[in-house]
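Architecture and fold: a report
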Amino acid sequence: MGQRIASEDPRHSKSEYPIYPEPMWGAYKERREAHGVQLYGSLGISRNDAAGRLAQYKKNFEFFDAPVGLFITIDRRLGPGQWADLGGYIHALAFLARGHGLDTCPQEAWARVYDTVSHFLKLPDNEMLFCGMAIGYGDRRHKANDFRSPRADLSEFCTFLGFD
Ligand SMILES: Cc1cc2nc3c(=O)[nH]c(=O)nc-3n(C[C@H](O)[C@H](O)[C@H](O)COP(=O)(O)O)c2cc1C
């Protein structure tokens, strides 16, 4: 499976579900781009270093060297309304891992190679690969873990009513 993914450029492969709407807009687009600038900047990979950016993206498919990788699937017959529950589950998993001193990286990048993974795992037809998750002990000194993405002000995404 690894060799097959390594020979591709999965960044533009179509995932089974739309990870992001095309095109992105406004604050969503700006924050996503700013995060990319921060991540690649911290790793010293410039905007025009296409090979460097691709190589970094492909580290997703080595679970960023974590010792354990999970593939998280959902029964596709449940539909998008139930994906919120799956998000809650993924969040709980990440928090519980932290409680055991472990770090996680949920990875939707895996959804772009769902075909290869589904074949490798022999997933039944009704199971849809939603994401992967790397689990291990994060390297606090690694440059990719050296920055904190900015947090939007509460007023940017939350409206309080009835507190006047
Ligand atoms: C559902 C989900 C999917 C993600 N997919 C990826 C991914 O494919 N690759 C990646 O490097 N980070 C991915 N991320 C981001 C990282 O897992 C991690 O949450 C983020 O780097 C944490 O940064 P923050 O603490 O600054 O928010 C994803 C996060 C979530 C919640």
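Attention here is on the structure that accompanies the text. (Residues numbered from 1 in each chain as written. Predicted model: local features only at pLDDT ≥ 70, side-chain atom pairs only at ≥ 80, totals over all residues. Heavy atoms only, no water.)

1. A look at the site of the ligand
Around the ligand, the neighbouring residues are Asn-60, Phe-64, Cys-105, Pro-106, Gln-107, Glu-108, Ala-109, Arg-148, Ser-149 and Arg-151. Between the ligand and the protein, one listed contact pairs an oxygen atom with a side-chain N or O atom of Arg-151 at 3.4 Å. Relative to its unbound accessible surface of 630 Å², the ligand loses 55% to contact with the protein. For the shell around the ligand, the per-class residue count stands at four nonpolar, three polar and three charged. (Near = heavy atom within 4 Å. Polar contact = N/O pair within 3.5 Å; in protein donor to acceptor, adjacent residues only side chain to side chain. Areas by Shrake-Rupley, 256 points an atom, 1.4 Å probe, with all protein chains shown as cover. Nonpolar A, V, L, I, M, F, W, Y, C, P; charged D, E, K, R; others polar.)

2. Quick look at the pattern of salt bridges
Per the counting criterion, the structure on display carries eight salt bridges. Linking Asp-9 and Arg-11 is a salt bridge whose minimum nitrogen-to-oxygen distance equals 2.9 Å. Under the relative-accessibility criterion, Asp-9 is labelled partly exposed at 32%. When salt bridges that share partners are traced, they join Arg-98, Asp-103 and Arg-140 into one network. (Salt bridge = Lys/Arg side-chain N within 4 Å of Asp/Glu carboxyl O. Buried < 20%, exposed > 50% of the residue type's maximum accessible area, 1.4 Å probe, protein only.)

3. Things to note about the environment of His-119
For His-119, the location among the structural elements is in helix 5 (residues 114-121). In this structure the C-alpha to C-alpha distance between His-119 and Met-1, which are 118 residues apart in sequence, comes to 9.1 Å. (Helix = DSSP H or I, 4+ residues; strand = E, 2+ residues; numbered from the N terminus.)

4. Re the packing of aromatic side chains
Counting across every chain of the model gives 10 aromatic pairs. Summarising the aromatic geometry, the rings of Tyr-17 and Phe-130 are spaced 5.0 Å apart at their centres and angled 10 degrees between planes, so their arrangement reads as stacked. In this pair, Tyr-17 sits in the loop between helix 1 (2-6) and helix 2 (26-42) while Phe-130 sits in strand 3 (residues 127-136), placing the two residues 113 residues apart along the sequence. Neither Tyr-17 nor Phe-130 differs from the other in exposure class; each is buried. The side chain of Arg-32 reaches across the aromatic face of Tyr-20, ending 3.8 Å from its centre. Positioned over the ring face of Tyr-40 is Arg-53, at 4.2 Å from the centre of the ring. (Phe/Tyr/Trp six-rings, centres within 6.5 Å; stacked < 30°, edge-to-face > 60°. Lys NZ or Arg CZ within 6 Å of the ring centre and 35° of its normal.)

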